[in-house]
Amino acid sequence: MLLQFFRALLDSLRDLAPILGVIAFFQLVVLGQPIPNLGELLWGVVLVVVGLSLFVQGLKLGLFPIGEGMAWDFAAKGSVLWLLLFAFALGFGTTVAEPALIAIADEAAEVAATGGMIPDHSQAREDYAEGLRYTVALSVGLAIVIGVLRILRGWPIQYLIILGYAGVVLLTPFAPEEIIGIAYDSGGVTTSTITVPLVTALGVGLASSIEGRNPMTDGFGLIAFASLTPIIFVMGYGILL
Amino acid sequence: MSDLLLSLWSALLATIDDILPILAILVGFQVIVLRRPIPNFKQVLLGFLFVLLGLAFFLEGLERALFPLGKLMAKQLTAPEFLGFSGEATASTHWHAFLWVYLFAFSIGFSTTVAEPSLIAVAIKAQQVSAGVIHPWGLRIAVALGVALGISLGTFRIVTGTPLAYYIIAGYVLVLIQTWFAPRAIIALAYDSGGVTTSTVTVPLVTALGLGLATHIPGRNPLLDGFGLIAFASLFPMMTVMGYAQLSEYWAKRRS
């Protein structure tokens, strides 16, 4: 166990080495400046390395087993409705409180206020940001539901993704110009570090527990939907408001 | 020392805040709907504790060391004094002045993606599921290259001020063409890798770069042009991961 953790520490250090190299090169060579607060930096690196190692261990011990275990239990229970409800709750619940989303929603409200889409006072901005957050959370919940349905039915992923792309392309000309950048970005930021392992384990678990599904071709893909639907929903939000 | 512990403690509290809704959903469905005991309950509990502590340490370390320095560098590299043009110069005449910016975008995109925890998670799972055929490092390098290319092109877009939608739609078309030729088994994983790449490590640094560029280049509005880099970073990994699968298939065929 201790040896294993030591190896995990080495792995994390290796994962982090490129960032350190890039920062050192640009700071020392390109910008030609010394590195400020070297002690602080080293302490931060120690924290990051230990944190990353603990996280990866926890992933294997906790997040993966519970995601897959629940997928098997739902398959054994045989109730599609409960499974879809769980899928929605997982998508909605993990997104609505996501810090990256809260940050981007506030920025979007700022853009909307500057662009004259909403009245420029704090109440209107708050309402706009909150509405946007719930819209995105709703879209992620829906995405996981669609993704789970796809695994159950065995639909090929590319047809659904093409539909999604078509939706994005069709909405773009109608969406207010100010919202497009935020909408495209919102797809990437919604899936957090805890959501991704859980959702991936759920998909792979479902695909392994259902006969005729291949965990490789059918099990992955939930995250893909979760990063596509927010683009469509945020543009829709921009068009409607 | 007490100051260090205090900020670590507040990072821990923030992480608990993030995990709590997820835990509530998991426990709620497990107890009320599934009504089954969790197998290896103690081990799972320990795992959650590790995840909690790990994320808190990880985020605190990033906040303390890497983010301030990385953001400062993004600011310095995009400052007019460094780029060597005065306020009235137009960006297009000085495209070579941005060479360092593109190189920084490429390297920061690559290196932050390699350290991204959610990508590590997906790579581990892909290795398990494919029975070792997909090597975690191969996948992670392919994704990191995709992010690096995406962010470089994204900074080029901010510099030139061309509409984001054109790039993204062209990217969609490329992804669809590649889907046609790529091995079936990789497609779902490749689509997933678009979404997992951009989280804890990448987003803050890349956002700082985009905002820095959009603020300093004449004619760009940070509120409008500062966005879009994340979109590039979630589009390009799909292409590189499918490309990686196509290449490995090609090599395997040539060898046999």
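Assigned secondary structure in chain A consists of ten helices and zero strands. Scanning chain A from its N terminus toward the C terminus, one meets helices and strands in the order α-α-α-α-α-α-α-α-α-α. Looking at chain A as a whole, 56% of its 241 residues qualify as buried. In chain A, once contacts between residues fewer than 6 apart in sequence are set aside, the share between residues at least 24 apart is 78%. When the accessible surface of chain A is summed, it comes to about 9500 Å², and 67% of that surface belongs to carbon and sulfur atoms. Computed over 9 positive and 18 negative side-chain charges, the inter-centroid distance for chain A is 14 Å.

Each α-helix winds once per 3.6 residues, and so residues spaced three or four apart point in a common direction. Compared with an ideal rise of 1.5 Å per residue, which puts 38 residues at 56 Å, helix α2 (residues 41–78) of chain B spans 51 Å between its outermost C-alpha atoms and is within 8% of the ideal. The largest bend in α2 of chain B amounts to roughly 45° and is located at Glu63 of chain B.

A few words on the packing of aromatic side chains. Taken as a whole, this structure holds 15 aromatic pairs over all chains when the rule is applied. Their ring planes at 75° and their centres at 4.9 Å tell us that Phe26 of chain A and Phe104 of chain B sit as a pair that is edge-to-face. Of this pair, Phe26 of chain A sits in helix α1 (residues 2–30) while Phe104 of chain B sits in helix α4 (residues 99–114), placing the two residues on different chains. Both residues of the pair, Phe26 of chain A and Phe104 of chain B, belong to the buried class.

This brings us to the layout of surface pockets. By volume, the largest pocket is sized at about 870 Å³. Residue lining of the largest pocket: 39 residues in total, with Glu98, Pro99 and Ala100 of chain A together with Thr200 and Pro204 of chain B positioned closest to the centre. Within the residue set of the lining of the largest pocket, elements represented by two or more residues are α3 (80–96), α4 (99–114) and α7 (177–189) of chain A together with α1 (2–34), α2, α9 (202–216) and α11 (229–255) of chain B. Tallied by class, the residues present in the lining of the largest pocket amount to 20 nonpolar, twelve polar and seven charged. Taken as a whole, the second largest pocket holds about 480 Å³ of empty space. Around the second largest pocket, the lining is made up of 19 residues, and of these Asp11, Arg14, Val56 and Lys60 of chain A together with Ile124 of chain B lie nearest the centre. Of all the secondary structure elements, the ones that give two or more residues to the lining of the second largest pocket are α1 and α2 (38–77) of chain A together with α5 (117–129) and α6 (136–160) of chain B. Along the lines of polarity and charge, the residues of the lining of the second largest pocket split into seven nonpolar, six polar and six charged.

Right, let's get into the pattern of salt bridges. Across all of its chains, the model carries eight salt bridges over all chains by this definition. Asp120 of chain A is the partner of Arg125 of chain A in a salt bridge, and the nearest nitrogen-oxygen pair spans 2.8 Å. Glu60 of chain B is the salt-bridge partner of Arg64 of chain B, the closest N and O atoms lying 3.1 Å from each other. With Arg64 of chain B and Glu60 of chain B both in helix α2 and four residues apart, the pair spans about one turn of that helix. Considered together, Arg64 of chain B and Glu60 of chain B belong to a single accessibility category, that of buried residues.

Attention now goes to a nonpolar patch on the surface. The grouping of Phe25, Leu28 and Val29 of chain A together with Trp100 and Leu103 of chain B at the surface amounts to a nonpolar patch, some 460 Å² of accessible area in total. Breaking the nonpolar patch down by element, the ones donating at least two residues are α1 of chain A together with α4 of chain B. The leading source of residues in the nonpolar patch is α1 of chain A, at three residues.

Residues and elements named next belong to chain A. Taken together, Asp106, Glu110, Glu126, Asp127 and Glu130 make up a surface patch of like negative charges. Of all the secondary structure elements, the ones that give two or more residues to the negative patch are α4 and α5 (122–153). With a relative accessible area of 43%, Asp127 lands in the partly exposed category.

What counts and how
- Residues numbered from 1 in each chain as written.
- Chains lettered and ligands numbered in written order.
- Predicted model: local features only at pLDDT ≥ 70, side-chain atom pairs only at ≥ 80, totals over all residues.
- Heavy atoms only, no water.
- Helix = DSSP H or I, 4+ residues; strand = E, 2+ residues; numbered from the N terminus.
- Buried < 20%, exposed > 50% of the residue type's maximum accessible area, 1.4 Å probe, protein only.
- Contact = heavy atoms within 4.5 Å.
- Areas by Shrake-Rupley, 256 points an atom, 1.4 Å probe, with all protein chains shown as cover.
- Lys, Arg positive; Asp, Glu negative; His and termini not counted.
- Charge placed at Lys NZ, Arg CZ, Asp CG, Glu CD.
- Expected span 1.5 Å × (residues − 1).
- Bend = angle between axes of the 7 residues up to and from the residue.
- Phe/Tyr/Trp six-rings, centres within 6.5 Å; stacked < 30°, edge-to-face > 60°.
- 1 Å grid on protein atoms, 1.4 Å probe; cavity = no way out; pocket = protein on both sides within 12 Å on 5 of 7 lines; lining within 4 Å.
- Points joined across faces, edges and corners; volume = space filled by probe spheres on them.
- Nonpolar A, V, L, I, M, F, W, Y, C, P; charged D, E, K, R; others polar.
- Salt bridge = Lys/Arg side-chain N within 4 Å of Asp/Glu carboxyl O.
- Patch = residues over 30% accessible without salt bridge, like charges linked within 9 Å, V, L, I, M, F, W, Y side chains within 5 Å.

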